[in-house]
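The primary structure of each chain is shown beneath.
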Amino acid sequence: MLYLHPATLPDVEPHPCKPPVLHTETPDDATSWTAGHRHTLRTLVTEHGAVLIRGLHLRDADQAGAVFHPLAPALMTDKEAFAARQAYSDGVYSSAQWPPKQPMCMHHELSYTLEFPGLMLFARLTAPTTGGATAIADAPTILEALPPELAERFEREGWLLTRSYNDEIGASVAEAFGTDDRTAVEDYCRANAIEFAWQPDGALRTCQRRSAVVRHPITGRRCWFNQIAFLNEWTIAPEVREYLIDVYGPDGLPCNTRYGDGDPIGEDTVQLLNQVYEDHTAREPWQAGDLMLVDNIRTAHSREAFEGEREVLVAMAEPAHLADCPPTTEMSTR
């Protein structure tokens, strides 16, 4: 860890089990400080995949938003969310609403969309009593660590995400698409290579095929980039999975993933993916007031289970298009 004065930011020596952490003496104006160091901070993110800045003492949503905007002036609107968020201002959201005792496994934010954030920004306002770290993992390293035959199959076929929207769990149609107007939802799906079907009870089911491996648009490095394990049925807590299947049936789970050709992904494969992530995870417990920047393509992130109050604000920026990260497999499943 390095202790930095606002006037200079030297190179970072990363710890193998922790994200790079920058310590700075508390500036009088955190917004001006981050604006003045924007180029250097973004360079560090490109080089290391993520950087955690400690010492800004961010206290509330207004201050966090004021720091986000100089680092990424154009913040993205959350679309196709898998869990609800609270919006504080344009482009500034709460972390996804997810049960505290259930971890959110490693994933790349919105990796199932055609346009996804290249940069994630996290501001910790309140740290939990225990747990709750936003851990990270290097996507090129994960790809290299996977069994070659498995990685090659996913790279060749891509992966399928199926979703079933209901009012009990996960994001609703309105929360995911920004509207519950059927015509608008259908137009969005057609424009974004998403197959859709309205059920007799009015529920919506969708299916989309996406790339599992992409090339980073800046560095050209091949990255394992998806949410195959996180959104698969075998990552759901067993008692929750059994309840959902009893209520909605095996085809009505809120989310599930398959191989690109439609074959189911076995529990052993999902466990392997999660274990490879765990073997290459870097984590640093949050402290109140921390700021973290993550290259969303180069670096996967997770949210560990926690106890106590945890408040993290999130912003997404620097939109990247799947078509700019070839080779890609996005297409309708028909």
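Please read all numbers here as calculations on a predicted model, not as lab measurements.

1. A short note on the packing of aromatic side chains
Part 1 of the argument: A complete count under the given rule lists eight aromatic pairs for this structure.
Part 2 of the argument: Seen from their ring centres, Trp-98 and Phe-230 are 5.5 Å apart, and the 55 degrees between their planes marks the pair as tilted. Here Trp-98, found in the loop between β5 (92–94) and β6 (104–107), pairs with Phe-230, found in the loop between β14 (222–224) and α8 (238–248); they are 132 residues apart in sequence, far enough to count as distant.
Part 3 of the argument: Overall, the relative accessible area of 25% leaves Trp-98 in the partly exposed class.

2. Structural notes on the sheet that holds β6
Part 1 of the argument: With antiparallel pairing, four strands are arranged side by side in an open sheet as β6-β18-β9-β16. Of all the strands in the sheet, just β6 and β16 (281–282) have a single pairing partner and so form its edges.
Part 2 of the argument: Across two bridges, the pairing between β6 and strand β18 (residues 299–303) is antiparallel. Paired with Met-104 across the two strands is Arg-303, which belongs to β18.

3. Notes on the state of the cysteines
Part 1 of the argument: Per the stated rule, a full pass over the model turns up zero disulfides.
Part 2 of the argument: Cysteine Cys-223 shares no disulfide, and the gap to the nearest cysteine sulfur, in Cys-325, comes to 8.6 Å.
Part 3 of the argument: By relative accessible area, which is 0% here, Cys-325 ends up buried.

4. Observations concerning the sheet that holds strand β12 (residues 204–210)
Part 1 of the argument: Here we have four strands laid out as an open sheet, ordered β11-β12-β10-β15, and antiparallel in their pairing. Looking along the sheet, the strands with just one partner apiece sit at the ends: β11 (194–198) and β15 (255–259). Along the sheet, successive strands turn relative to each other by an average axial angle of 15 degrees, direction set aside.
Part 2 of the argument: Here strand β10 (residues 159–165) runs beside β15; their pairing, made up of five bridges, is antiparallel. Of the residues in β15, the one forming a bridge with Arg-163 is Cys-255.

5. A word on helix α3 (residues 61–71)
Part 1 of the argument: Taken together, the buried positions of α3 are occupied by Ala-61, Gln-63, Ala-64, Gly-65, Val-67, Phe-68 and Leu-71.
Part 2 of the argument: Here α3 starts with a cap whose side-chain oxygen sits 3.3 Å from the backbone nitrogen of Asp-62, and that cap is Asp-60.

6. Side note on the pairing of strand β7 (residues 115–126)
Along any regular strand, the residues point their side chains to alternate faces of the sheet.
Part 1 of the argument: Here β7 lies mainly inside the structure; ten of its twelve residues are buried.
Part 2 of the argument: Of the strand pairs in this sheet, β7 and strand β17 (residues 291–295) are connected by five bridges, and their pairing is antiparallel. When the bridges of β17 are listed, Phe-122 appears paired with Met-292.

7. Some details on the pattern of salt bridges
Any two side chains of opposite charge can pair, on the condition that their charged atoms come close.
Part 1 of the argument: Under the definition given, this model contains 17 salt bridges.
Part 2 of the argument: Notably, a salt bridge pairs Asp-187 with Arg-190, separated by 3.5 Å at the nearest N-O pair. Here Asp-187 and its partner Arg-190 are both found in helix α7 (residues 182–191), three residues apart, which amounts to about one turn of the helix.
Part 3 of the argument: Residue Asp-187 is classed as partly exposed on the basis of its relative accessible area of 43%.
Part 4 of the argument: One salt-bridge network, in which partners are shared between bridges, spans Arg-153, Arg-156, Glu-157, Asp-261 and Asp-263.

8. Examining the environment of Ser-94
Part 1 of the argument: Within the secondary structure, Ser-94 is located in strand β5.
Part 2 of the argument: For the pair Ser-94 and Gly-202, spaced 108 residues apart in sequence, the C-alpha separation works out to 29 Å.
Part 3 of the argument: For Ser-94, the contacting residues outside a window of four places in its chain are Arg-85, Gln-86, Tyr-88, Val-312, Leu-313 and Val-314.

9. Looking at α7
Part 1 of the argument: Along α7, the residues classified as buried are Val-185, Glu-186, Tyr-188 and Cys-189. Each buried residue of α7 lies within a common arc of 160 degrees when the element is viewed along its axis, so the set occupies one face. Those residues of α7 that are exposed and angled more than 90 degrees off the buried face are Arg-190 and Ala-191.
Part 2 of the argument: For α7, the secondary structure elements touched by its buried residues are α6 (173–177), β11 and β12.
Part 3 of the argument: After α7 finishes, the residue Ala-193 shows a positive phi value of roughly 55 degrees.

10. Regarding the pairing of β17
Part 1 of the argument: Summarising burial for β17: five of the five residues are buried, a large majority.
Part 2 of the argument: With burial as the criterion, each face of β17 is covered, one bearing Leu-291, Leu-293 and Asp-295 and the other bearing Met-292 and Val-294.
Part 3 of the argument: Relative to β17, strand β3 (residues 50–54) is paired through four bridges, and the arrangement is antiparallel. Pairing of Ile-53 across the sheet is with Leu-291, part of β17.

11. A short note on unusual backbone geometry
Part 1 of the argument: The phi dihedral of Glu-80 is positive, around 60 degrees, even though this residue is not glycine.
Part 2 of the argument: Here Leu-110, not a glycine, exhibits a phi torsion of approximately 55 degrees, which is positive.

12. Regarding the nonpolar core
Part 1 of the argument: Within the largest apolar cluster, 58 residues are counted, with the highest numbers of intra-cluster contacts made by Phe-82, Phe-116, Phe-122, Phe-154, Trp-224 and Ile-228.
Part 2 of the argument: When neighbours within four sequence positions are excluded, Phe-82 is seen to be in contact with Trp-98, Met-104, Tyr-112, Arg-163, Gly-170, Ala-171, Gln-227, Phe-230, Leu-231 and Cys-255.

13. A short note on the environment of Cys-255
Part 1 of the argument: You can see Cys-255 is positioned in strand β15.
Part 2 of the argument: When the C-alpha atoms of Cys-255 and Lys-18 are compared, they prove to be 31 Å apart, with 237 residues separating the residues in sequence.
Part 3 of the argument: In this structure, Cys-255 is in contact with Phe-82, Leu-161, Thr-162, Arg-163 and Leu-231, ignoring residues within four places of it in sequence.

Rules used in this analysis
- Residues numbered from 1 in each chain as written.
- Predicted model: local features only at pLDDT ≥ 70, side-chain atom pairs only at ≥ 80, totals over all residues.
- Heavy atoms only, no water.
- Phe/Tyr/Trp six-rings, centres within 6.5 Å; stacked < 30°, edge-to-face > 60°.
- Helix = DSSP H or I, 4+ residues; strand = E, 2+ residues; numbered from the N terminus.
- Buried < 20%, exposed > 50% of the residue type's maximum accessible area, 1.4 Å probe, protein only.
- Pairing = 2+ DSSP bridges.
- Disulfide = S-S within 2.5 Å.
- Axes fitted to C-alpha atoms, helices over the stretch in contact; angles between N-to-C directions.
- Polar contact = N/O pair within 3.5 Å; in protein donor to acceptor, adjacent residues only side chain to side chain.
- Salt bridge = Lys/Arg side-chain N within 4 Å of Asp/Glu carboxyl O.
- Contact = heavy atoms within 4.5 Å.
- Arc of directions from axis to C-beta.
- Core = buried A, V, L, I, M, F, W, Y, C linked by side-chain atoms within 4.5 Å.

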